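Structural description and commentary
Spelled out from the first residue to the last, the chains are:
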Amino acid sequence: MSKQSESNFSIGTRITQIGRNPAQQKGFVNSPVYRGSTVIFPTVSDIENNRAEFNYGTMGTPTIANLENAWSELAGAAGTVLSPSGLGAIALALLTTLKAGDHLLMPDSVYKPTRLFCAGLLAKMGIETEYYDPLIGAGIKALFRPNTTTLFLESPGSQSFEIQDVPAMTAQAKARGIATIIDNTWATPVFFRAHEHGCDLSVEAGTKYLGGHSDLLMGVVSANEAWWPALRKTYDLMAMLPGAEDCFLALRGMRTMYLRLKEAEKRGLEMAQWLQSRPEVLKVLHPAFPDCPGHELWKRDFTGSSGLFSIVLKPEYSKASVDHMLDNMAIFAMGYSWGGFESLIIPFNCAEYRTVTTWQPGGRALRLQIGLEDMDDLKADLAAGLERLKMFV
């Protein structure tokens, strides 16, 4: 697809076109799977001067490049690299912007494995991580130090769903020459344009909505013009690339991602509204709801919402009652991922690991992923589960 036509079409159309070229694929619609390690050079001059689009398997393959190029177009980025997992993508982004002796700012609401990476590998490298209130907004500038090189954002926050003031925070960072990274997995570029809101690097767990079927692990990091060379250099030094089959599946998932996200949005909102009406539920944590922290920022910056949100149960329900509810669900399963076709539910408690903010939701919390099952069946399953809560009050 030409750049001219790309700018004329909506995202729903573009997402079906990018990352493929039937003219180079003997007319076939989808890109083939290229598996390989060795690349053959025809002459000594070619190998000595490295004249090849791909000189070895760790530099990528046409399959991998198709996915990278497609994601760059979707995200409005200068370039994209892939990794075998979402956490791998977070690591790639952080190792691109940080060095020994640096100071990193990280939201207190961040994905727990990101915290573990900071406390583990980054600490061993002599990098100090400081956590901040995710709702600090432009006030983040008060935390900048002479050695602050990276500001990390995650909006909405993992499990607790605070929306951050990304434009205000990235503007403060840019004024000080500080790199900004955002984990944009919940919204994807379909619902939040991270680079257009000032983020230098945007991380996604393609495992979720890009894959869409709970059958692959994938991480994606896109960068703007200023940071793309450094990101690609870090990627090439580490050779942290996914397999060709996973890239093929991710490209296939991309073709329906827009439709699946729009359906996830509709189902998520319907279920969140239904749960809000239940007497067992104290509150719903969904960015589209007015009482969710940062809701007005969501209205300003986002174009939609996905199918993941949390609820807080009323305080009278004990751990035993919640365990009884969850252990006997008929459809909702307990699992850590989301973005696939199946509905999931997990209990969580942010208070166990937060360090600068206090998590006091008022009751026990559950995170839900609304899948593609019949909505009446899902509501019946949750209704039965909520009734089971009362057996252990």
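Summary of the structure given here.

Calculation notes
Residues numbered from 1 in each chain as written. Predicted model: local features only at pLDDT ≥ 70, side-chain atom pairs only at ≥ 80, totals over all residues. Heavy atoms only, no water. Axes fitted to C-alpha atoms, helices over the stretch in contact; angles between N-to-C directions. Helix = DSSP H or I, 4+ residues; strand = E, 2+ residues; numbered from the N terminus. Left-handed = near helix turned anticlockwise from the far one by under 90°. Contact = heavy atoms within 4.5 Å. Nonpolar A, V, L, I, M, F, W, Y, C, P; charged D, E, K, R; others polar. Buried < 20%, exposed > 50% of the residue type's maximum accessible area, 1.4 Å probe, protein only. Pairing = 2+ DSSP bridges. Right-handed = clockwise from strand over helix to strand, strands pointing away. Arc of directions from axis to C-beta. Core = buried A, V, L, I, M, F, W, Y, C linked by side-chain atoms within 4.5 Å. Salt bridge = Lys/Arg side-chain N within 4 Å of Asp/Glu carboxyl O.

**Details of the packing of helix α4 (residues 62-75) against helix α10 (residues 244-276)**
When two helices pack together, you describe them by how their axes are tilted relative to each other and by the distance separating the axes. Between α4 and α10, whose axes approach to 8 Å, the crossing angle comes to 35 degrees. Seen from above, α4 lies across α10 with left-handed handedness. Contact residues: Thr63, Ile64, Asn66, Leu67, Ala70, Trp71 and Leu74 in α4; Ala244, Cys247, Phe248, Ala250, Leu251, Met254 and Met257 in α10. The residue makeup of the contact of α4 with α10, split by class, is 12 nonpolar, 2 polar and no charged.

**Structural notes on the pairing of strand β4 (residues 148-154)**
The buried fraction of β4 amounts to 7 of the 7 residues, a majority that puts the element mostly inside the structure. With 3 bridges joining them, strand β2 (residues 103-107) and β4 adopt parallel strand pairing. The residue bridging Leu105 from the neighbouring strand is Leu151, located in β4. Looking at chain direction, β4 and strand β5 (residues 179-183) are connected through 5 bridges and run parallel. Looking at the pairing, Leu151 lines up with Thr180 of β5. Between β4 and its parallel partner β5, the chain crosses via helix α7 (residues 166-175), and the hand of that crossover is right-handed.

**Some thoughts on helix α12 (residues 319-327)**
For the α-helix, the turn length of 3.6 residues means that residues three or four positions removed from each other point alike. Of the positions making up α12, those classed as buried are Ser321, Val322, Met325 and Leu326. The arc that holds the buried residues of α12, viewed along the axis, is 130 degrees, so those residues lie on one side. Residues of α12 that are exposed and point more than 90 degrees away from the buried face comprise Lys319 and Asp327. Looking at the packing, one finds that the buried side of α12 touches β9 (308-313), β10 (344-348), β11 (365-369) and α13 (375-388).

**Side note on the sheet that holds β4**
Ordered by their spatial adjacency, 7 strands build an open sheet running β1-β7-β6-β5-β4-β2-β3, and the pairing between neighbours is mixed. Looking at strand neighbours, the two that pair on one side only are β1 (79-83) and β3 (128-132), the edges of this open sheet. On average, each strand axis in the sheet is inclined to that of its neighbour by 20 degrees, with strand direction left out of account. Across the sheet, α7 lies against β3, β4 and β5, angled at about 170 degrees from β4, the strand it touches most.

**Section: the sheet that holds β9**
Strand order in the open sheet formed by 4 strands is β8-β9-β11-β10, and the pairing between neighbours is antiparallel. Strand pairing shows two members of the sheet lacking a second neighbour, β8 (281-285) and β10, which therefore form its edges. This sheet shows a mean twist of 25 degrees between the axes of neighbouring strands, independent of strand direction. Of the pairings in the sheet, the one linking β10 to β11 comprises 5 bridges and is antiparallel in character. If you follow Phe348 over to β11, its bridge partner there is Ala365.

**Observations concerning the nonpolar core**
In this structure, Leu275 and Leu382 are the most contacted members of the largest nonpolar core, which totals 108 residues. Counting residues per element, this core draws most heavily on α10, which supplies 11 residues. Sequence-distant contacts of Leu275, that is, excluding residues within four places in its chain, are made with Val281, Val284, Phe309, Ile311, Leu368, Leu382 and Leu386.

**Describing the pattern of salt bridges**
A side chain of one charge can pair with a side chain of the opposite charge if their charged atoms are brought near each other. Evaluation of the coordinates by the stated rule reveals 21 salt bridges. The residue Arg145 makes a salt bridge to Glu128 at a minimum N-O spacing of 2.8 Å. Of this pair, Arg145 sits in the loop between β3 and β4 while Glu128 is found in strand β3, placing the two residues 17 residues apart along the sequence. With a relative accessible area of 30%, Arg145 lands in the partly exposed category. One salt bridge connects Glu263 with Arg267, and the closest N-O pair in it is separated by 2.9 Å. Of this pair, Glu263 and Arg267 both sit in helix α10, 4 residues apart, which is roughly one turn of that helix. Among the charged side chains, a network of salt bridges with common partners joins Arg278, Glu280, Glu387 and Lys390.

**Here's the deal with the pairing of β9**
For β9, the tally of buried residues reaches 6 of 6 residues, placing the bulk of the element in the interior. Residues Leu308, Ser310 and Val312 line one face of β9 and the alternating positions Phe309, Ile311 and Leu313 line the opposite face, and both faces are buried. Of the pairings in the sheet, the one linking β8 to β9 comprises 4 bridges and is antiparallel in character. By the bridge assignment for β9, Lys283 is matched with Val312.

**Description of unusual backbone geometry**
Cis geometry is found at the peptide bond from Ser155 to Pro156, where omega equals 0 degrees. Mapped onto the elements of the fold, Pro156 is located in the loop between β4 and α7. Positive phi outside glycine occurs at Asn50, with the angle close to 55 degrees. Tracing the chain through its elements places Asn50 in the loop between α3 (44-48) and α4. Exposure remark for Asn50: the relative accessible area of 40% places this residue in the partly exposed category. The phi dihedral of Phe161 is positive, around 70 degrees, even though this residue is not glycine. Tracing the sequence through the fold places Phe161 in the loop between β4 and α7. When its relative accessible area of 1% is taken as the criterion, Phe161 is described as buried.

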